[in-house]
Amino acid sequence: MELTDESYVVGYSVVPQAGSDNNFCALALVPEKSSQAQMQIQSLTIDLESISSNTARINYQALAGYTPAAHNNWIGIWKGNPELYSAPPKYAQKVELDEDCGLVTFNGIKMLRDSTYTVGYFMSGWNADPQKLIRSGLACKITFRT
């Protein structure tokens, strides 16, 4: 492939979705060759807003214009630091908003003191049955200690 001197947008997706051009979890904006602008990189991020013994609040920031609920995005919480692609989460919650940033709240969970937990954000595959969640679309993860 030969690149020209024009600007480019390079997108990265963790799940193939036929007919969808809005499923990127990261992208790079590459300016035209003659521009003095620097390349910009954007990616989906999550962070822990707050945690208590029975509630966790996770912030997410996706790419501008992304619609998480329409793409069946979900967030899972695992105890420890397991292999997220194969182990079912201890808790899972669908991202209910079709907004590119928001908050997902886990209520009625049990978080143990002095324990490690891992949170993963998945770009598709939500199912109310934790055993049937599709765990191939992991976009990002964080690990924290209570």
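Everything below is about the structure shown above.
If you're wondering where the values come from, they're calculated on a predicted model, not measured in any experiment.

Caption draft 1: Here's a closer look at the sheet that holds strand β4 (residues 45-51). Overall, antiparallel pairing links the 3 strands, which are arranged β4-β5-β8 in an open sheet. The sheet is open, and its two borders are formed by β4 and β8 (101-107), each paired with just one other strand. Ignoring strand direction, the axes of neighbouring strands in this sheet form an average angle of 20°.

Caption draft 2: Fine view of the pattern of salt bridges. Summed over the entire model, instances satisfying the criterion amount to 1 salt bridge. Note that R57 is salt-bridged to E49, the shortest N-O span being 2.7 Å. Using a relative accessible area of 28% as the deciding quantity, one classes R57 as partly exposed.

Caption draft 3: Fine view of unusual backbone geometry. In the Ramachandran plot, N72 falls in the positive-phi region, its phi being about 60° despite a non-glycine side chain. Phi is positive for D114, close to 55°, though the residue is something other than glycine. Topologically, D114 is positioned in the loop between β8 and β9 (116-122).

Conventions used here
- Residues numbered from 1 in each chain as written.
- Predicted model: local features only at pLDDT ≥ 70, side-chain atom pairs only at ≥ 80, totals over all residues.
- Heavy atoms only, no water.
- Pairing = 2+ DSSP bridges.
- Helix = DSSP H or I, 4+ residues; strand = E, 2+ residues; numbered from the N terminus.
- Axes fitted to C-alpha atoms, helices over the stretch in contact; angles between N-to-C directions.
- Salt bridge = Lys/Arg side-chain N within 4 Å of Asp/Glu carboxyl O.
- Buried < 20%, exposed > 50% of the residue type's maximum accessible area, 1.4 Å probe, protein only.

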